[in-house]
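# Examining the three-dimensional arrangement
One-letter residues, chain by chain:
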Amino acid sequence: QETAIIVVAAGSGTRLGYGMPKALVPLAGRCLLEHALDGIELAGCASQVIVVLPAGAPELEERAAGHRLKPICRTGGATRNDSVRAGLDALRPETERVLIHDAARALTPPEVFRQVVLALLSGARAVIPVLPVVDTIKQVATDPGEEQAHIIGTPARGTLRAVQTPQGFHAPALLAAHRQAAGWKSPAAEAVTDDAMLMEMLGERVDTVPGAAAALKITTRLDLVLAESMLPLHPG
Ligand code: C5P
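Residues numbered from 1 in each chain as written. Predicted model: local features only at pLDDT ≥ 70, side-chain atom pairs only at ≥ 80, totals over all residues.

The next subject is the overall build of the chain. Of regular secondary structure, the chain possesses seven helices and twelve strands. Its C-alpha atoms give the chain a radius of gyration of 18 Å, within 12% of the compact-globule value 18 Å for 236 residues. For the chain, the spread of C-alpha atoms along the three principal axes comes to 55 × 40 × 35 Å. The buried share among the 236 residues of the chain stands at 39%. Counted over contacts in the chain with a minimum sequence separation of 6, partners at least 24 positions apart contribute 72%. (Helix = DSSP H or I, 4+ residues; strand = E, 2+ residues; numbered from the N terminus. Rg over C-alpha atoms; globule rule 2.2 N^0.38 Å. Buried ≥ 20, exposed ≤ 12 C-beta atoms within 10 Å, placed from the backbone. Contact = placed C-beta atoms within 7 Å.)

Given below as structure tokens:
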């Protein structure tokens, strides 16, 4: 019963402004990628771990190779979707389930990984961790010549969820979805912001499990401060 986890860590991290790949940014003595791998190790549900790294990041490669999980390392691409595809290329053919995880969600609790795998074992073909949204979300449009967007709609908040990773899939179904999207050009290619989206486009049902506040995507300095304050709570 094969479950692979692909950790995408090939982002530049320009929004954090550290002048290094985001996955290498330190948090209490370990880099974000090491924290993400610690969570996966504690979850104990992966038979294969693949890490997708930026090109020319020898220090990050060293950190990945030095982790107890001994992940397979691959080089990522220009978009997150390209990086996921590079990870999928390294899957063993017998892989039944695959989880795609952002290294930037470095403090994701092991329980979230387990819930995603349990849902797959219970028959789900696609499952993602979600949280209710606390803000009212508006849809906007910007007319030609207009500087600021104007509001065109307000989806009912109760029907909205914020989406996290790891996102789990029946591996052959996700591979088929990615094959379908492989030839897409801009702007369709850039519009793919997660893997569940590709499954939805194929008409596949995507199920949900509860996400966790600790699984926030570390994007800004403020997120890093928050992550630092959470570390004592994180079993890793
Ligand atoms: O850019 P964004 O915040 O959506 O990135 C989410 C995750 O995808 C991060 O873990 C980042 O390292 C990864 N990523 C990647 N390759 C890219 C862009 C992002 O692996 N080209």
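Moving on, there is more to tell.
All right, on to the packing of helix α1 (residues 32–43) against helix α4 (residues 110–121) then. Running from amino to carboxyl end, α1 crosses α4 at an angle of 55 degrees, the nearest separation of the two axes being 8 Å. Taken together, the axes of α1 and α4 lie oblique to each other. Handedness of the α1/α4 crossing: right-handed. Along its contact with α1, which presents Gly39, Ile40, Leu42 and Ala43, the element α4 presents Pro110, Phe113 and Arg114. When grouped by side-chain class, the residues that make up the contact of α1 with α4 number five nonpolar, one polar and one charged. (Axes fitted to C-alpha atoms, helices over the stretch in contact; angles between N-to-C directions. Parallel < 35°, antiparallel > 145°, perpendicular 65-115°, else oblique. Left-handed = near helix turned anticlockwise from the far one by under 90°. Nonpolar A, V, L, I, M, F, W, Y, C, P; charged D, E, K, R; others polar.)

This next bit is on the pairing of strand β4 (residues 48–53). Across the six residues that make up β4, a large majority, five, are buried. Bridging between strand β1 (residues 3–8) and β4 involves five bridges; their strand directions are parallel. Across the sheet, Ile5 pairs through a bridge with Val49, a residue of β4. Regarding the hand of the β-α-β motif, the stretch spanning β4, helix α2 (residues 58–65) and strand β5 (residues 72–75) is right-handed. (Pairing = 2+ DSSP bridges. Right-handed = clockwise from strand over helix to strand, strands pointing away.)

As paired elements, β4 and β5 share four bridges and run parallel to each other. Residue pairing in the sheet places Val52 in a bridge with Arg74 of β5.

Moving on, we get to the site of the ligand. For the ligand, the set of nearby residues contains 18 residues, the closest of which are Val8, Ala10, Gly11, Ser83 and Asp102. Considering only residue class, the shell around the ligand consists of eight nonpolar, six polar and four charged. (Near = placed C-beta within 6 Å.)

A few words now on the environment of Pro26. Checked against the element boundaries, Pro26 lands in strand β2 (residues 26–27). Exposure remark for Pro26: the 13 C-beta atoms within 10 Å place this residue in the partly exposed category. Separated by 75 residues in sequence, Pro26 and His101 place their C-alpha atoms 19 Å apart.

In this section: the nonpolar core. Inside soluble globular proteins, nonpolar side chains tend to come together where they are buried. Among the nonpolar cores identified, the biggest contains 58 residues, and Ile6, Val7, Ala9, Leu32, Leu33 and Ala103 are the most heavily contacted of them. Considering each element in turn, this core owes the most residues, six residues, to α1. In this structure Leu32 touches Lys22, Ala23, Val25, Leu27, Ala103, Ala104, Ala106 and Ile218, once residues within four positions along its chain are discounted. (Core = buried A, V, L, I, M, F, W, Y, C linked by C-beta atoms within 7 Å.)

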